[in-house]
Number of protein chains: 4
Amino acid sequence: MTDQDIRLGDNQYGKAETRLVRVDRGGDRHVVTDLNVSTALAGDLSATHLTGDNAGVLPTDTQKNTVYAFARDGVGEIEAFALRLARHFVDSTPTIHRARVKIEQYRWERIGDRDHSFVRGAGTRTATVTYDGTAATVVSGVDDLVLMNTTGSEFHGFHNDEYTTLPETHDRILATAVSARWRHGAAENADWTGSHHTACRHLLDAFADTHSLSLQQTLYAMGEQVLRHRDELVEVRLSLPNKHHFLVDLSPFELDNPGEVFFAADRPYGLIEGSVVRDGAPDAGLAWW
Amino acid sequence: MTDQDIRLGDNQYGKAETRLVRVDRGGDRHVVTDLNVSTALAGDLSATHLTGDNAGVLPTDTQKNTVYAFARDGVGEIEAFALRLARHFVDSTPTIHRARVKIEQYRWERIGDRDHSFVRGAGTRTATVTYDGTAATVVSGVDDLVLMNTTGSEFHGFHNDEYTTLPETHDRILATAVSARWRHGAAENADWTGSHHTACRHLLDAFADTHSLSLQQTLYAMGEQVLRHRDELVEVRLSLPNKHHFLVDLSPFELDNPGEVFFAADRPYGLIEGSVVRDGAPDAGLAWW
Amino acid sequence: MTDQDIRLGDNQYGKAETRLVRVDRGGDRHVVTDLNVSTALAGDLSATHLTGDNAGVLPTDTQKNTVYAFARDGVGEIEAFALRLARHFVDSTPTIHRARVKIEQYRWERIGDRDHSFVRGAGTRTATVTYDGTAATVVSGVDDLVLMNTTGSEFHGFHNDEYTTLPETHDRILATAVSARWRHGAAENADWTGSHHTACRHLLDAFADTHSLSLQQTLYAMGEQVLRHRDELVEVRLSLPNKHHFLVDLSPFELDNPGEVFFAADRPYGLIEGSVVRDGAPDAGLAWW
Amino acid sequence: MTDQDIRLGDNQYGKAETRLVRVDRGGDRHVVTDLNVSTALAGDLSATHLTGDNAGVLPTDTQKNTVYAFARDGVGEIEAFALRLARHFVDSTPTIHRARVKIEQYRWERIGDRDHSFVRGAGTRTATVTYDGTAATVVSGVDDLVLMNTTGSEFHGFHNDEYTTLPETHDRILATAVSARWRHGAAENADWTGSHHTACRHLLDAFADTHSLSLQQTLYAMGEQVLRHRDELVEVRLSLPNKHHFLVDLSPFELDNPGEVFFAADRPYGLIEGSVVRDGAPDAGLAWW
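Definitions and limits used
Throughout, residues of each chain are indexed from 1 in the direction in which the sequence is written. Just so you know, chain letters begin at A and ligand numbers begin at 1, following the order they were written in. Two thresholds apply to this predicted model, a pLDDT of at least 70 for residue-level local features and 80 or more for giving and counting side-chain atom pairs, whereas whole-chain, interface and lining totals are computed over all residues. Note on conventions: DSSP H or I runs of at least 4 residues are helices, E runs of at least 2 residues are strands, and numbering of each starts at the N terminus. Three exposure classes are used, based on other C-beta atoms lying within 10 Å of a residue's own C-beta, which is placed from the backbone: buried for 20 or more, exposed for 12 or fewer, and partly exposed in between. Residues are treated as contacting if the C-beta atoms built from their backbones sit within 7 Å of each other. Here, axes are lines fitted to C-alpha atoms. For helices the fit covers the stretch in contact, and angles between N-to-C directions go from 0 to 180 degrees. Geometric relationships in this document are graded by angle, where less than 35 degrees denotes roughly parallel, more than 145 denotes roughly antiparallel, 65 to 115 denotes roughly perpendicular, and other angles denote oblique. By definition, any crossing whose near helix is turned counterclockwise from its far helix by less than a right angle is left-handed, and any crossing with a clockwise turn is right-handed. Residues are grouped as follows: Ala, Val, Leu, Ile, Met, Phe, Trp, Tyr, Cys and Pro are nonpolar; Asp, Glu, Lys and Arg are charged; every other residue, Gly included, is polar. At least two DSSP bridges between two strands are needed for those strands to be called paired. Helix span is expected to be 1.5 Å times the residue number reduced by one. For this overlay, a least-squares fit was computed on C-alpha atoms, restricted to residues scoring pLDDT of at least 70 in both copies. Delimitation of the domains relies on an automatic or database domain assignment. In these notes, a nonpolar core means any group of buried Ala, Val, Leu, Ile, Met, Phe, Trp, Tyr and Cys residues linked to one another through C-beta atoms within 7 Å. Summary of the metric used: pLDDT quantifies the predictor's per-residue confidence within the range 0 to 100.

Draft legend 1. Representation of the overall build of chain A in the model. Each helix and strand in chain A was counted, giving five helices and eleven strands. Dimensions of chain A, computed from the C-alpha atoms along their principal axes, are close to 75 × 70 × 40 Å. When the 289 residues of chain A are sorted by exposure, 54% land in the buried category. Residue pairs at least 24 apart in sequence account for 63% of intrachain contacts in chain A once pairs closer than 6 positions are excluded.

Below you can see the structure in the form of structure tokens.
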């Protein structure tokens, strides 16, 4: 076999997990922005792969520096900050034709409404921006949102084959750790944060208010409710582990267990993944996750 | 060398991390109790170590069963549940002379005040009970309480040796992830939960309100404030990682950085550990952590 | 807005991380197969999403049962086991049109060549099989293969912009944790295990023997060497974190540091991802990762 | 309540998890030493806790610098390096009366016996040294040594109470992840590494060769075998999770399961902890773990 029939395929490179904390000190009341920023660049990068010629490579160290330097002017909303970074890398580096910037934002709440003291909350806000020199795609999301309904969930009428032993249930615990992403129809938005908070609220409400016959049904209801209420969004993707809670058999101890004592299992777990799309929405291409 | 001069030293055994979720369905408004329970028993256990004679061994599987069976009657406050379990193991098993029960409780908050729907919050409440057949020691606590002050923290006037390069600072970020344990003076308490919530609030308040010249000073202030306000407690132990936030040098980019852009480092980290004790408190012995 | 313009997009569901340990007891010399199996099915699943009608849903619990039941006849090579499972799910369930089965295999080595005693080794072998009722795609791989070259790595001649401060280096530590996947040209193979071990050896050899001007160059060399030596493979994908080792500045202590004392950093890290492809290879479609 | 009856209890502070990689380049054949070093100092530290007066505080940043500076002269065996650091901190800092230095060492093996290329292996070697200005205690150990016997393990004849449902077994899988610590009788040793490797081999051999009636019996056999063969050691402590492997019930599928197909569970797990001691050994005091 000769070299000629082997070639470089898809590739990208960048700096992952740059931990940036920005303190806005304007006035006496500080604001904290706590981020984990990952950048990934693609373009005309054959030379470094094939010969080690790095003339077209913007170092990942420089990408990190850029994150910190851009933060000097303020970070603001993570979607806007990611857009600013992605455009910069593509527009200022001749060899780079696509940038993807992913940001995780950690929640901090004030301790007793104090000006300078904070306690970290649960859940992570995310944004992923992909820019190709012409168009940008913005995907917002949330991770590690752990939810539970203690009733209002059933699972029955499923397909049976010779390996099926699961009993039907008309009342179970439904618990999951939501990873959600929602795609914006345009890369401009007057209110990324309002959009984020409303989308999160609808995810929570739909999870809580859907009488569930399957986690798939709950998934669809969550995505649909977000799209119905947020015209600026065109697609919602959800990855929902089914965190099983098994009713413990207490009969050896001469005790009943009317839906009260559960074993929360780790592995295996169900994993339900799906997308809810607005008809006619443009294809997402490479923008996801 | 002969066998005779080698012997069994300290030992204990048990079932670790039994995941128990209890749903109280009394009335229409469900209450969720989500626990991770670890039991450890000690006593006259030489036979199983030396010869494999298990006649004195209550299986760890039985310990797990006991956790679930006891939950059937209700769990209530974790300190009380741990006491109930610890006393049971020692009082009903002839060979067992000491039981230690550790419980972690995860926080669930209602979604929009609904009756059956919950979202998991940050921070873990803990209880450790040690019972020796006569007396019980109860230690309550909290883990993973992540705190930050964006100002009001200094560090200077420290000892310098030939390896010291740290500049003095009069304004830094102080951030930590609190692991706290507080010991009760007695094993009976009318209100474990009230005690817990008040202790947590004082930890937060003392962290926020102490103008800090060292994380040690903050640690002592946190412990002292809890002891001052909670007569039922006799000792507070704190383990406080100093989660360093380093000011990024933006001067290569001709930018200043007046305390606004930070790199949040992972490792290494400072680790400050200490105990604050009420004078005359009985010794804790084996009861800790 | 009406319902009609919102629809279900891509979706799949399954049982993730079924932990299966198979002991082959034929003869006196036991063989251990230690797996983590994840199944994901896709097909005609609109009903469960839209109405909760589960008639087309093979429960994830059944998928788990199938993994264990199929293991009764022996597991063998993970690529073959994944193929067997994937074909079963699609061929026996009318609504299911695609199955993806991912398996991680943990390494166990004999303790002193004993028959029944084992110690776990480093690195994880992986296989992902996708079957659509007609054709199957098989991707093999390895995770958590942590490598280091202490010399023979340079990085210079890179693109400089106003945010570049990285000095050029002609001798650095190059360290990474390899995640590699390689795609087979056909779903039949007489010797999956031989293919796996040879591919791994070539990854190691190419990492070690490439005088590296960039981690991208090393990545390409690793993929190319595998493809050159393994005709049955058509593509290699690599995800290589650049685990930075920074030379510590010891000059404040009047010490030099000629490439001997390093700080191994956690975050941020470079992340180099790329694919090396045999020309004319069929497109992978959905089969990856 | 007044301040006077509250006081500072036990305390220590230091720098945790300083990641040090040392490359010995003498000759053409490099040697890699990859460490995670944690230092903790105690002494006359009331002032910083009570008033924030840091005059007696050697900064944790200085402790980190010291680790790196001392590595310039070579690291050698981790027990010796920890002793050197512990003695330095106490002997050179007036306020510091006790130092504890913990080191984890990661294993690197040569790739094909090359001079500069390495692959990381499984298992972590540890050392903990405590020095109080007069005497030093040295504890060596190993973490994350994952072991399995596929036969030769029984569990029966145990104590039954009303919550016992576990069937007796005469053939089970016994699997654990060993955390072991062994204490040296003296702080000087001509061959820490030889001692380490021999102790590890005896742990493995005793695990493999003990026909086990309980994990406690295996634990004792492991400790005893180390002490019998290593005169320089006076105590062995072991923490052994019982990583349960449950036989899967395949009878619903009309399959038997003669000890071949297992579910490897995560939680809960048994946890067996114990110490084996040489008679007349001095007490360990604070030196452990």
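Here the narrative resumes, following the displayed structure.
Draft legend 2. Representation of the packing of helix 2 (residues 60-71) of chain A against helix 3 (residues 78-92) of chain A within the structure. Residues and elements named next belong to chain A. The contact between helix 2 and helix 3 brings their axes to 11 Å, and the two run at 130 degrees. By the criterion of interaxial angle, the relationship of helix 2 to helix 3 is oblique. Here the hand of the crossing between helix 2 and helix 3 comes out right-handed. Facing T66, V67 and F70 of helix 2, the residues of helix 3 in contact are R84, L85 and H88. Its residues assigned to classes, the contact of helix 2 with helix 3 comprises three nonpolar, two polar and one charged.

Draft legend 3. Structural view of the interface of chain A and chain C. Facing 71 residues of chain A, the contacting portion of chain C comprises 71 residues. Sorting the residues of the side of chain A that touches chain C by element identifies strand 1 (6-16), strand 2 (18-24), helix 1 (46-50), helix 2, helix 5 (215-229), strand 8 (233-242) and strand 11 (269-278) of chain A as the ones contributing at least two each. Examining the composition of the side of chain A that touches chain C, we find that eleven residues originate from one element, strand 1 of chain A, more than from any other. Residues that form the side of chain A that touches chain C fall into these classes: 26 nonpolar, 28 polar and 17 charged. Examined bridge by bridge, strand 1 of chain A and strand 11 (residues 269-278) of chain C share nine bridges and lie antiparallel to one another.

Draft legend 4. Region of the structure containing the interface of chain A and chain B. Contact with chain A, which involves 44 residues of that partner, is made by 44 residues of chain B. Among the elements of the structure, strand 2, helix 2, strand 5 (117-131), strand 6 (136-149), helix 4 (192-209) and strand 10 (261-264) of chain A are those that each provide at least two residues to the side of chain A that touches chain B. Among the elements that make up the side of chain A that touches chain B, the one with the highest residue count is strand 5 of chain A (six residues). Grouping the amino acids of the side of chain A that touches chain B by side-chain chemistry returns 25 nonpolar, eleven polar and eight charged.

Draft legend 5. Spotlight on the packing of helix 4 (residues 192-209) of chain C against helix 5 (residues 215-229) of chain C. All names here are of chain C. Across the interface, helix 4 lies against helix 5 with an axial gap of 8 Å and an inter-helix angle of 140 degrees. In terms of crossing hand, the pair formed by helix 4 and helix 5 is right-handed. On the side of helix 4, the interface is formed by T198, A199, H202, L203, D205, A206 and F207, while helix 5 contributes T218, A221, M222, Q225, V226 and H229. Looking at the contact of helix 4 with helix 5, its residues break down into seven nonpolar, five polar and one charged.

Draft legend 6. Fine view of helix 4 of chain A. Given a rise of 1.5 Å per residue, 18 residues ought to cover 26 Å, and the 25 Å separating the end C-alpha atoms of helix 4 of chain A matches this to within 8%. The set of residues buried in helix 4 of chain A consists of W192, S195, H196, A199, C200, H202, L203, L204, A206, F207 and A208 of chain A. Buried residues along helix 4 of chain A sit against helix 3, strand 5, strand 6, strand 7 (174-184) and helix 5 of chain A together with strand 5 (117-131) of chain B.

Draft legend 7. Looking closely at the relation of the copies chain A and chain C. Under the fitted operation, chain A is carried onto chain C by 0.0 Å of movement along the axis and a turn of 180 degrees, and the coordinates agree to an RMSD of 0.0 Å. Expressed as an axis order, the relation between the two copies is that of a two-fold axis. Interface overlap between copies is the fraction of interface residues in one copy that are interface residues in the other; for chain A against chain C it reaches 100%, indicating a shared surface.

Draft legend 8. Broad picture of the domain arrangement of chain A. Residue and element names in this part refer to chain A. Domain boundaries assigned for chain A yield domain 1 (11-134) and domain 2 (141-289). On the domain 2 side, the residues contacting the eleven residues of domain 1 number 13 residues. If you list the elements that add at least two residues to the side of domain 1 that touches domain 2, you get helix 3 and strand 5. With seven residues, strand 5 is the largest single contributor of residues to the side of domain 1 that touches domain 2. For the side of domain 1 that touches domain 2, the class distribution of residues is three nonpolar, five polar and three charged.

Draft legend 9. Up close: the relation of the copies chain A and chain B. Once chain A has been moved 0.0 Å along the axis and rotated by 180 degrees, it coincides with chain B to within an RMSD of 0.0 Å. Interface overlap between copies: 98% of the residues of chain A at the interface are likewise at the interface in chain B, consistent with a symmetric, same-surface contact.

Draft legend 10. Focus on unusual backbone geometry. Cis peptide bonds are those with omega within 30 degrees of zero, and the linkage from R267 of chain C to P268 of chain C qualifies with -10 degrees. Positionally, P268 of chain C belongs in the loop between strand 10 (261-264) and strand 11. Positioned with a positive phi, E17 of chain A is a non-glycine residue whose angle comes to about 65 degrees. Topologically, E17 of chain A is positioned in the loop between strand 1 and strand 2.

Draft legend 11. Structural view of the nonpolar core. With 330 residues, the main nonpolar core has A86 of chain A, A86 of chain B, A86 of chain C together with A86 of chain D as its most contacted residues. A86 of chain A has contacts with A99, R100, V101, V129, T130, Y131 and A136 of chain A, leaving out every residue within four places of it along the chain.

Draft legend 12. Structural detail: the environment of A16 of chain C. Note on placement: A16 of chain C falls in strand 1 (residues 6-16). Between the C-alpha atoms of A16 of chain C and N257 of chain C, which are 241 residues apart in sequence, the distance is 48 Å. Look past the residues within four positions of A16 of chain C in its chain and what remains in contact with it is P268, Y269 and L271 of chain A together with S38 of chain C.

Draft legend 13. Representation of the environment of P167 of chain B. Relative to the elements of secondary structure, P167 of chain B occurs in the loop between strand 6 (136-149) and strand 7 (174-184). Sequence separation of P167 of chain B and H156 of chain B is eleven residues, and the distance between their C-alpha atoms is 8.0 Å.

Draft legend 14. Quick peek at the pairing of strand 5 (residues 117-131) of chain D. In this sheet, strand 5 of chain D lies alongside strand 6 (residues 136-149) of chain C in antiparallel orientation, the contact comprising three bridges. If you follow N149 of chain C over to strand 5 of chain D, its bridge partner there is S117 of chain D. Both strand 4 (residues 96-110) of chain D and strand 5 of chain D contribute to a ladder of eleven bridges, which runs antiparallel. Counterpart to A99 of chain D in the pairing with strand 5 of chain D is Y131 of chain D. Two successive antiparallel strands, strand 4 of chain D and strand 5 of chain D, enclose a turn made up of six residues, where G112 of chain D displays a positive phi of approximately 55 degrees. The pairing of strand 5 of chain D with strand 6 (residues 136-149) of chain D spans eight bridges and is classified as antiparallel. In the sheet register, T124 of chain D faces strand 6 of chain D, and the bridge partner there is D143 of chain D. Taking the residues that link successive antiparallel strands as the turn, the strand 5 of chain D-strand 6 of chain D hairpin has four residues, and the phi of G133 of chain D there is positive, at about 100 degrees.

Draft legend 15. The pairing of strand 3 (residues 31-43) of chain A, seen in detail. Residues and elements named next belong to chain A. Within strand 3, ten of the 13 residues are buried, which leaves it mostly tucked inside the rest of the structure. Bridge count for strand 2 against strand 3 is seven bridges, and the pairing is antiparallel. Of the residues in strand 3, the one forming a bridge with L20 is L35. The loop that links strand 2 with its antiparallel partner strand 3 comprises six residues; one of these, G27, has a positive phi angle of about 75 degrees.

Draft legend 16. Structural detail: the confidence of the model for chain A. Confidence along chain A averages 95 in pLDDT terms, with 97% of residues attaining 70 or more. Taken together, the chains of this predicted complex give a pTM of 0.97 and an interface ipTM of 0.96.

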